[in-house]
Every structure is written in C-alpha cells, then in structure tokens.
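So you can see what is in the structure, the chains are spelled out below.
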Amino acid sequence: MGQMRTTWADRVTILAFAAVGCILFLAIGQVTLLELSWPQLAAYLDKVLDRSVAVARAGIDTIAVIDRSGAEICSASDLGNMRYELFLNEYLSDIGRTVGNRILCSAGWGQLSNSVALPEPIRRQTSGTELWANARSPLDPRLVVDMARRGSVIVFTSPSAFKPFEGSDGTLAALVVTHDGRHVFRAFGDTRGLGARLTAAQPGFEFGPRITAVSCAGTFDICVVAALSNVNILRQPAPIWLGIGAAGAVTAGCVGMVLVQRRRVLASLPQQIRRAVSLGRLTMAYQPLVRLSDRRMVGVEALARLTDDRGRPIPPDIFIAIAEEKGFIGVVTRKVISLTLTQMRGRLTGDEAFDVHINFAVTDLLDDRLLTYLDGEVSRLGISPARVVIELTERSTAEHDRLREAVETLRRRGYKFFIDDFGTGYSNLAYLARLPINGIKMDKMFTKAIGKAAASSAIVDTICATARSLNVELVAEGVEEPEQAARILELFPRAVGQGWLFGKPVPAEHL
Ligand SMILES: Nc1nc2c(ncn2[C@@H]2O[C@H](COP(=O)(O)O[C@H]3[C@@H](O)[C@H](n4cnc5c(=O)[nH]c(N)nc54)O[C@@H]3COP(=O)(O)O)[C@@H](O)[C@H]2O)c(=O)[nH]1
C-alpha cells in the first residue's frame, strides 16, 4: 500500500473533532463545577438564615421578658433587668424603653436627660412589632443597627451579630430581607441584582451568571437570598481550564484521527482487495463436513482467506461483500475454484465419497463464462462434477427465473447445488420446490439456538422437516456442542454437520 497523504479534509475533520472535544470537556467541567458549588451555596444560605432567625428570636424573646417584668419604666430595677438581659444576649447591643415615639432610657445609656425621637419604622407587623432595618441608631448615629419594638420595649441588634458573614471572600454574597423583599436588613458581599432574585412565593434554586438560592423563615418575616459567583469554568485559574480544554481536544482529536484513518482504510479497501487477489494473496481454508451418524468426514467447505498489504487478515464477509459490490467477485471466485480444485484434487479423485462445497455469488451463477471456467478446471484436473457442490445464499427474490435456469444448467452438467444459510433469506417452499436443489445448509443461528431459544429451536424442527419433505440433503452449520449434533441427528438421521465441534477452517495440508 502506498503511503496515504493526509488531505485538507482529513485535517479539518481532526481539527473539528478536537474543537468539539475541547468544548465538550469544558462543558462537562462547567457542569461539575456547578455540581460542586451547590452544596457550598446551600450551606452558606442555611448559616445566614439560621443566624438571622437567631438574632430576630433574641430580640423578640428579650422584649417579652422585659415586658413581663412589670418594673416601672426606666426605674433602677427596670434598667437593672435590661442590663442583665443585655449581658446574657450576644446578638443585642442595647435594650431601651420608649413612650410614644421617644426613647427614655436604655441599658447602655441609662436614663437619658433628653429623650430621643425614633424615626418612622419601615414595617408594622400584625403582631404589633415595629421594625427598623439598617437604620442609624438614634442613641449613637455612628452605628447602623436593626431595631425592633413592641409595646414600650425596644431592642437594638448588635453590629457584630453578623460578623462571620461580613468581609466575604468575594464569591459569596447574601441579602437578609423581608418576605416581600422590600426591606433589606443586612447585605453581605456583592449583592447587586440579588433583590430581584427573591420571589417570596417560589423560594428555591435558580440559575444565572452566578448561582443563587433563596430560603425564607417560617416564623419570622425574614428571607435570605444568597449567591455564589466564580462558578464559571473559564474564570478558574488558567491551568485548570486550559488543562481541561486541552484534554478534551487531545482525546477527541485522537478519536478523529482514528476515524479518519478508518475511513481512509475503508475507502482504499476495494483497491487493496483487488491488488491482494491479483498478487496471489488469496488463500483457501477448508472446514470439515462430517456425517453425524458415523462422524466420517464426507467433504469440506472451501473458505477464501485474504490478507491486506501489511499481512493482516481481511474478514471474508468484508472482502466478499466488497468484491460483489465493486463487481469483481467473478475474479475472486475463479481463484477460489482453481485453488480449491487443485488443492483438493487428491481427495476428489479418490474412491472415498468426498465433496467440496464452493460458495458462489448470485452473479457468479448467472455468469456463463464462469461456469465454462469451472467446467474447464474440473475436466483439466480429472474431477467428477458430482464431487463439486455449489453453495448459494439466496437473498434475492428478484431473479428467481434466471436463477432456476442457472441451477438447472449446473445440475445438467453434473454439479450439486445447495442453498446456503437456509432460514435467513427469502427462500419459500413453493420456490424451493421448483428449484432442482440437492440440499440445504441450515444457518448457524438456528443450530446455536438448540436447547436455548424455544422459538428458534422450533425452526430447527421445521427446517429438518422441510429437508425431509423436499427429499434433499441437510448440512447443519455452526455445530459447536455435542448436544446440538445429537438433536440434529435425532431430527434428520442423514444430516451432515459443520462446525467447531468437528474442526475449524484450516489449510489443505492440515485437514
Ligand atoms: N462467495 C464466497 N463467499 C465466501 C467465500 N469464503 C467465505 N465466504 C463467506 O464469507 C462469510 C464468512 O466466512 P468465514 O469467516 O470463513 O466463516 C465461516 C466459518 O468459519 C463459520 N463457521 C463454521 N463453523 C462455525 C461454528 O461452529 N461457529 C461459528 N461461530 N462460526 C462457524 O461460518 C462461515 C461459513 O458460513 P457459510 O458459508 O454460510 O457456510 C461466509 O458467509 C462465507 O460463506 C468464498 O470463497 N466465496
């Protein structure tokens, strides 16, 4: 085989495979990154919501305790109670008492000489609780706090209540908001656009340029919208995505090369086969045909073998099919006839009953010159045509009449004729009955089914019955196990078997 040059089309194919592989691997990387990111986001979301609920509960519980104390507002014992509660509560920075919308005293500031006015609350809940979110503390404007008031008690959230979530790593962000999303209690990280993600009716996961998730508290008017950015594979460190992309390109590029190579080999097969046949690289193997009743070898099937330019075998079903398709099967069959009759001459001219089965394509059978060639070889080698069995796989119903004429011609000249792979083609009984056949070869798929698949096993019975009713010989192909041979013998005592139980195809000298 001459060296095959890589064409532009081949290069483009390989490059296209590499590009698709690169994209595919990056897409897989992206999906994997997302898969790994969801748990991280969910854990963060839970932590922020748990903390938000804990802070809210601390405020509401403290209000209830102070309210229930019954102490006179801003009295020494009231201030003492408030300081005690403040001391116990890590999430509050102060507790105060109000009258109207003014703060009179607080645990932190004591009795105020001048009461301080409260701004308008952002929200008045049905429970009577008023809320201020993210507001300047009326007691110390330097501080931004959340406040909650019910009755006369007001609590101030500690600025450090959410400390663990402040100063995030730049990839995590969260908004702590009311259920309707209108009021933001806290914001951590880059929360741009996060408010729009909140749909109180449908909290849950959703996709975007970053992944976001929403979760709301049942008992408090609090929702958390959290986001994790940097889940884009291309924003990971360059060695990671370059490595993944390159791995995809190399893997798919290799697949592309193999396919291109295969396509080229397949495209060049017809020439290779022609060349191999003309250079005499076609050889023959013979598989024994054994009479099942006494296990005597009564013939062989001639099976062609061919090697490519590198000496590797080309499977016969491939080179025969290509030779048929490309119209040079006649050349192959001539070689087969000549080699087979020469190599089998000794046995074919001996006293023992011994037949050789040769496979013909339909075109071979319809080719008068090929039949003349067969006649010539038979008479040149002094072989009786009765020792030569022509096998034909009957797959076409189109040329029944011509085939029948051809078979009749063969029979007149003394050759025998078998239908090969019986049971797989289109042969029907009416047609078969009109064909002067000597025998049928039952396909190996039916032999293999004996004792296994009930339906196919039943077809074996039918095929044997057909051979009996047509009064023709029967060869069972693909006999690999003694049980198969025994069953066929039971159904058709004159049957001949072919298969690995009796021997694989071998060169003439190994028969
Ligand atoms: N027109 C021509 N066709 C030919 C010629 N030489 C071969 N062929 C056809 O090619 C097909 C494949 O043949 P091959 O690979 O040689 O396989 C044969 C046997 O090896 C195989 N076999 C036989 N016994 C067994 C078995 O027990 N198990 C098993 N798994 N395989 C077995 O069967 C093939 C013989 O089949 P068949 O011809 O139907 O009897 C094949 O279709 C050949 O016909 C040629 O010269 N011309």
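Cut-offs applied
- Residues numbered from 1 in each chain as written.
- Predicted model: local features only at pLDDT ≥ 70, side-chain atom pairs only at ≥ 80, totals over all residues.
- Heavy atoms only, no water.
- 1 Å grid on protein atoms, 1.4 Å probe; cavity = no way out; pocket = protein on both sides within 12 Å on 5 of 7 lines; lining within 4 Å.
- Points joined across faces, edges and corners; volume = space filled by probe spheres on them.
- Helix = DSSP H or I, 4+ residues; strand = E, 2+ residues; numbered from the N terminus.
- Nonpolar A, V, L, I, M, F, W, Y, C, P; charged D, E, K, R; others polar.
- UniProt positions renumbered as here; feature names shortened; annotations may be inferred.
- Near = heavy atom within 4 Å.
- Polar contact = N/O pair within 3.5 Å; in protein donor to acceptor, adjacent residues only side chain to side chain.
- Areas by Shrake-Rupley, 256 points an atom, 1.4 Å probe, with all protein chains shown as cover.
- Sits in = over half its atoms within 2 Å of the grid points.
- Patch = residues over 30% accessible without salt bridge, like charges linked within 9 Å, V, L, I, M, F, W, Y side chains within 5 Å.
- Salt bridge = Lys/Arg side-chain N within 4 Å of Asp/Glu carboxyl O.

## What about the layout of surface pockets?
In step 1: Considering only enclosed or pocket space, the largest pocket measures out at about 1100 Å³ in volume.
In step 2: Lining the largest pocket are 40 residues, with Glu301, Leu303, Asn359, Asp420 and Asp421 sitting closest to its centre.
In step 3: Of all the secondary-structure elements, those providing two or more residues to the lining of the largest pocket are β14 (296-307), α4 (316-326), α5 (329-348), β16 (355-360), α6 (362-365), β17 (388-393), β18 (416-422) and α10 (444-448).
In step 4: Taken together, the residues of the lining of the largest pocket sort by class into 17 nonpolar, nine polar and 14 charged.
In step 5: Considered as a void within the structure, the second largest pocket measures approximately 420 Å³ in volume.
In step 6: Taken together, 25 residues line the second largest pocket, and the ones lying closest to its centre are Ala56, Ile60, Leu131, Phe220 and Ile222.
In step 7: The set of elements that each furnish at least two residues to the lining of the second largest pocket consists of α1 (8-69), β5 (130-136), β6 (144-150), β7 (153-157) and β9 (184-188).
In step 8: Counting residues per element, the lining of the second largest pocket draws most heavily on α1, at five residues.

## A look at the UniProt feature "transmembrane region" (unreviewed entry) in the chain
In step 1: Residues annotated in UniProt with the feature "transmembrane region" (unreviewed entry) correspond here to residues 12-33 and 240-260.
In step 2: Annotated as 100% helix and 0% strand, the span residues 12-33 places its first and last C-alpha atoms 31 Å apart.
In step 3: Between the end C-alpha atoms of residues 240-260 there is a gap of 30 Å, over a span that is 100% helix and 0% strand.

## With respect to the site of the ligand
In step 1: Around the ligand there are 22 residues in total, and Glu301, Arg305, Asp421, Glu477 and Glu480 lie nearest to it.
In step 2: Side-chain polar atom of aspartate 420 to an oxygen atom of the ligand: 3.2 Å apart, as the coordinates give it.
In step 3: Within the contact set of the ligand, an oxygen atom lies 2.7 Å away from a side-chain nitrogen or oxygen of aspartate 421.
In step 4: In isolation the ligand exposes 820 Å². Once the protein is present, 85% of that is buried.
In step 5: Mapping the ligand onto the cavity grids shows that it belongs to the largest pocket.
In step 6: Those elements giving two or more residues to the shell around the ligand turn out to be β14, α4, β18 and α10.

## Points about a nonpolar patch on the surface
In step 1: A contiguous nonpolar surface patch, about 270 Å² in accessible area, is contributed by Leu24, Phe25 and Ile28.
In step 2: Along the chain, phenylalanine 25 turns up in helix α1.

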